[in-house]
Amino acid sequence: MDKSILITGGAGFIGSHTVRQFVTRYPGYRIVNLDKLTYAGNLENLTDIEDAPNYHFVRGDIYDAAFLKELFEQYRFDGVIHLAAESHVDRSISDPNEFIKTNVMGTANLLNVARSHWEGNFEGKLFYHISTDEVYGSLEEGGYFTEDTPYDPRSPYSASKASSDHLVRAYYNTYQLPMVISNCSNNYGPNQFPEKLIPLFINNIKNNRALPVYGKGENVRDWLYVEDHAQAIDLIYHQGRIGHTYNIGGDNEWRNIDLIRKLCEIMDRKLGRKQGESAQLISFVKDRAGHDLRYAIDCSKLKDELGWRQQVTFSQGLEKTVDWYLENQEWLNHVLTGEYEEYYRRQYVER
Ligand code: NAD
Ligand code: DAU
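Every chain is numbered independently, its residues counted from 1 as its sequence is written. As they are written, the chains are lettered A onward and the ligands numbered 1 onward, keeping that order. Reporting in this predicted model follows two pLDDT cut-offs: at least 70 for local features of residues, and 80 or more for side-chain atom pairs to be given and counted; totals over whole chains, interfaces and linings ignore these cut-offs and use all residues. Water and hydrogen atoms were dropped before computing side-chain values, which therefore reflect all heavy atoms in the structure.

### Notes on the sheet that holds strand β10 (residues 245-248)
What links the strands of a sheet is backbone hydrogen bonding, and the strands pair in either a parallel or an antiparallel sense.
So, step 1. At least two bridges found by DSSP between two strands is the condition for calling them paired. Here a helix means four or more residues in a row that DSSP labels H or I, a strand means two or more in a row labelled E, and each is numbered from the N terminus. Taken in spatial order, the 7 strands make up an open sheet running β3-β2-β1-β4-β5-β6-β10, and their pairing is parallel. Every interior strand has two partners, whereas the edge strands, β3 (55-59) and β10, have only one. Geometrically, the sheet is characterised by an average inter-axis angle of 20° between neighbouring strands, direction not taken into account.
So, step 2. In this sheet, β10 lies alongside strand β6 (residues 179-184) in parallel orientation, the contact comprising 4 bridges. The residue bridging Cys184 from the neighbouring strand is Ile248, located in β10.
So, step 3. Each of β5 (126-132), β6 and β10 touches helix α5 (residues 156-175); the most contacted strand, β5, lies at about 155° to it. Only the stretch in contact is used when a helix axis is fitted, and all axes are lines through C-alpha atoms; the angle between N-to-C directions ranges over 0 to 180 degrees. Should any heavy atoms of two residues lie within 4.5 Å, those residues are counted as being in contact.

Written out as structure tokens, the structure is:
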């Protein structure tokens, strides 16, 4: 084996695309996917590569330090790509503690085990921490987040991610643990759990369910197709400068309401409905608490230094995403469980 790499959270949305990228592109690497399989983790995301000889799945919790130590002893990892996290802002507002356990303590456990396992020989080792643009806070109409923007997290989710980013940098400064961090904007694409805006709304449109737009729908997000993120992760893992941070974004800002109207148009066309029919489902509801107004990423460092370019335009990506959800009703059926309906009721009916 050329390298042994631990990918955490590989059964989730971005993690599964990242696992696929590494397993298929690097047959000489051993890729170990460690995932707790929370409500967001789903091995059906990886059925196409589950029998690949260089792929191994291990179910486990990054909160469990003793388990991590055994895992490192068994697989002798050269690298860690750390995606495992609680990732949904709304859930962090109703229940912050899981976010602190997994995102803060879980990351600390991984840093500790990597440090002690690699101690004395950091040559060829790398801890790659996957983070979010939300750590930078909220923008007004102008300006962009750069790698030097001061941190200003405003939700329990973003505060837990900011905390983990600080820990990763502290381990580099204090112990010289080789690390790299990337902060990415909103991802979309196949396999995203239908609690996030785009898959939730695709599913609701299909089922003629109301589309709950928070506030006036004026918040702005920058959207990137998930496979483009996975390719950026590959590039940064192999060519990113140790100790550095790279922003990743789509140069693709949309007000929520404009994006939702575009999605409704696509769905009308795909479902053979009259244009304008799905948009009638739009329903303005109580705003998210502390709702960040705008995220916008300057990712020129990644482009200039490493030559990264996104491959998928937003129109192409949305078409591919809608088609995937329409063609994968079985995947949806398996995630739209009683637990999901319970979450939906708490989040959208009782709030
Ligand atoms: P996701 O919620 O789809 O997947 C998270 C995965 O982590 C799941 O498979 C889950 O089972 C696993 N997990 C959760 N707790 C765990 C634990 N204690 N131990 C082991 N595994 C655990 O998340 P995602 O949207 O794919 O995000 C992945 C990473 O990328 C996160 O770190 C997130 O902060 C970051 N990120 C996400 C976006 C986005 O738009 N979704 C953008 C930028 C950065
Ligand atoms: O910016 C990167 C972040 O993007 C990631 O770090 C997070 O893990 C990821 O969940 C995402 O966070 P957002 O809060 O931006 O994504 P979400 O899909 O939850 O919401 C997108 C926008 O849509 C946001 O302004 C809130 C709004 N929204 C969301 C939902 C779920 C609604 O108006 N109605 C909804 O029902």
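### What about the side chain of Asp222?
So, step 1. Mapped onto the elements, Asp222 comes out in strand β9 (residues 220-225).
So, step 2. The classification of residues rests on relative accessible area computed with a 1.4 Å probe and restricted to protein chains. Under 20% of the type maximum is buried, over 50% is exposed, and intermediate values are partly exposed. We count Lys and Arg on the positive side and Asp and Glu on the negative side, and we leave His and both chain ends out. Any Lys or Arg side-chain nitrogen located within 4 Å of an Asp or Glu carboxyl oxygen qualifies as a salt bridge. Despite its burial, Asp222 pairs with no opposite charge; the closest candidate is Arg294, at 8.6 Å N-O.
So, step 3. Not counting residues up to four positions away in its chain, the partners in contact with Asp222 are Ser185, Asn186, Gly249, Gly250, Asp251, Asn252, Glu253, Tyr295 and Ile297.

### Quick word on the site of ligand 1
So, step 1. Being near a molecule or strand, for a residue, means having at least one of its heavy atoms within 4 Å of it. Taken together, the neighbourhood of ligand 1 is formed by 29 residues, with Ile14, Asp35, Ser87, Tyr157 and Lys161 sitting nearest.
So, step 2. The definition of a polar contact used here is a pair of N or O atoms within 3.5 Å, where within protein one atom must be able to donate a hydrogen and the other to accept one, and adjacent residues in sequence count solely through side-chain atom pairs. Taking Ile14, its main chain carries an N or O atom lying 2.8 Å from an oxygen atom of ligand 1.
So, step 3. Interatomic distance of 2.8 Å between a side-chain N/O atom of Asp61 and a nitrogen atom of ligand 1.
So, step 4. The accessible surface values rely on the Shrake-Rupley method and a 1.4 Å probe; as for residues, cover is taken only from the protein chains in view. Relative to its unbound accessible surface of 830 Å², ligand 1 loses 96% to contact with the protein.
So, step 5. Listing elements by their share of the shell around ligand 1, those giving two or more residues are α1 (13-25), β5, α5 and β7 (186-188).
So, step 6. Only Asp, Glu, Lys and Arg are considered charged in this grouping, and only Ala, Val, Leu, Ile, Met, Phe, Trp, Tyr, Cys and Pro are considered nonpolar; every other residue, Gly among them, is considered polar. Tallied by class, residues from the shell around ligand 1 come to 12 nonpolar, 12 polar and 5 charged.

### Notes on helix α7 (residues 226-239)
Along an α-helix, residues three or four apart share an orientation, since each turn contains 3.6 residues.
So, step 1. The length a helix should cover is 1.5 Å for every residue beyond the first. Between its first and last C-alpha, α7 extends 20 Å over 14 residues, near the 20 Å set by a 1.5 Å rise per residue.
So, step 2. In terms of residue burial, α7 counts as a mostly covered element, since 10 of its 14 residues are buried.
So, step 3. Those residues of α7 not exposed but buried are Val226, Asp228, His229, Ala230, Ala232, Ile233, Asp234, Leu235, Ile236 and Tyr237.

### Some remarks on the side chain of Thr8
So, step 1. By secondary structure assignment, the location of Thr8 is in strand β1 (residues 3-8).
So, step 2. Polar side-chain contacts of Thr8 include one of 2.9 Å to the backbone nitrogen of Leu83.
So, step 3. Engagement of the side chain of Thr8 in a polar contact is seen with the backbone nitrogen of Ala84, the distance being 3.0 Å.
So, step 4. Once residues within four sequence positions are removed from consideration, Thr8 is found in contact with Leu34, Ile62, Ile81, His82, Leu83, Ala84 and Leu110.

### Re the site of ligand 2
So, step 1. Surrounding ligand 2, one finds 26 residues, the nearest of these being Thr132, Asp133, Tyr157, Arg288 and Tyr348.
So, step 2. In the environment of ligand 2, an oxygen atom lies 2.7 Å from a nitrogen or oxygen atom belonging to the backbone of Ser87.
So, step 3. At a separation of 2.8 Å, an oxygen atom of ligand 2 approaches a polar backbone atom of Leu197.
So, step 4. Starting from 680 Å² of accessible surface for ligand 2 in isolation, the protein chains cover 95%.
So, step 5. Mapped onto the shell around ligand 2, the elements with two or more residues apiece are α3 (89-94), α6 (197-206) and β8 (211-214).
So, step 6. Classifying every residue of the shell around ligand 2 gives 11 nonpolar, 8 polar and 7 charged.

### Observations regarding the packing of aromatic side chains
A ring pair, where both rings are aromatic, is described by two values, the distance of the centres and the angle of the planes.
So, step 1. Aromatic rings from Phe, Tyr and Trp, with only the six-membered ring used for Trp, were paired whenever their centres fell within 6.5 Å, and each pair was classed as stacked if the ring planes differed by under 30 degrees, edge-to-face if by over 60, and tilted otherwise. Within the structure shown, the criterion is met by 23 aromatic pairs.
So, step 2. With centroids separated by 6.3 Å and ring planes inclined at 40°, the aromatic side chains of Phe145 and Tyr295 adopt a geometry described as tilted. Placement of Phe145 in the loop between β5 and α5 and of Tyr295 in the loop between β12 (282-285) and α9 (300-306) is noted, with a sequence separation of 150 residues between them. A single burial state applies to Phe145 and to Tyr295, both of which are buried.

### Digging into empty space enclosed by the protein
Empty space among the atoms becomes apparent when a probe as large as a water molecule is rolled across them.
So, step 1. Points on a 1 Å grid over protein atoms alone make up a cavity when a 1.4 Å probe fits among them but cannot get out, and a pocket when they form an open set with protein on both sides within 12 Å along at least five of seven lines; lining residues each have an atom within 4 Å of a point. Grid points are joined across faces, edges and corners, and a volume is the space filled by probe spheres set on the points. Applying the stated rule across the entire model yields 2 cavities of 30 Å³ or more.
So, step 2. Roughly 60 Å³ of volume is contained in the second largest cavity.
So, step 3. Tallied by class, residues from the lining of the second largest cavity come to 4 nonpolar, 3 polar and 5 charged.

### Structural notes on the packing of helix α4 (residues 97-118) against α5
So, step 1. Between α4 and α5, the least distance of the axes is 8 Å, while the angle of their chain directions is 15°. Compared by their axis directions, α4 and α5 come out roughly parallel. At the point where α4 passes α5, the crossing takes the right-handed sense. Within the contact between the two elements, α4 uses Phe99, Asn103, Val104, Thr107, Ala108, Leu111, Asn112 and Arg115 and α5 uses Tyr157, Ser160, Lys161, Ser163, Ser164, Leu167, Val168, Tyr171 and Tyr175.
So, step 2. Among the residues forming the contact of α4 with α5, the class breakdown is 9 nonpolar, 6 polar and 2 charged. Roughly parallel refers to an angle under 35 degrees, roughly antiparallel to one over 145, roughly perpendicular to one between 65 and 115, and oblique to any angle outside these ranges. Each crossing gets its handedness from the near helix: less than a right angle anticlockwise from the far helix is left-handed, clockwise is right-handed.

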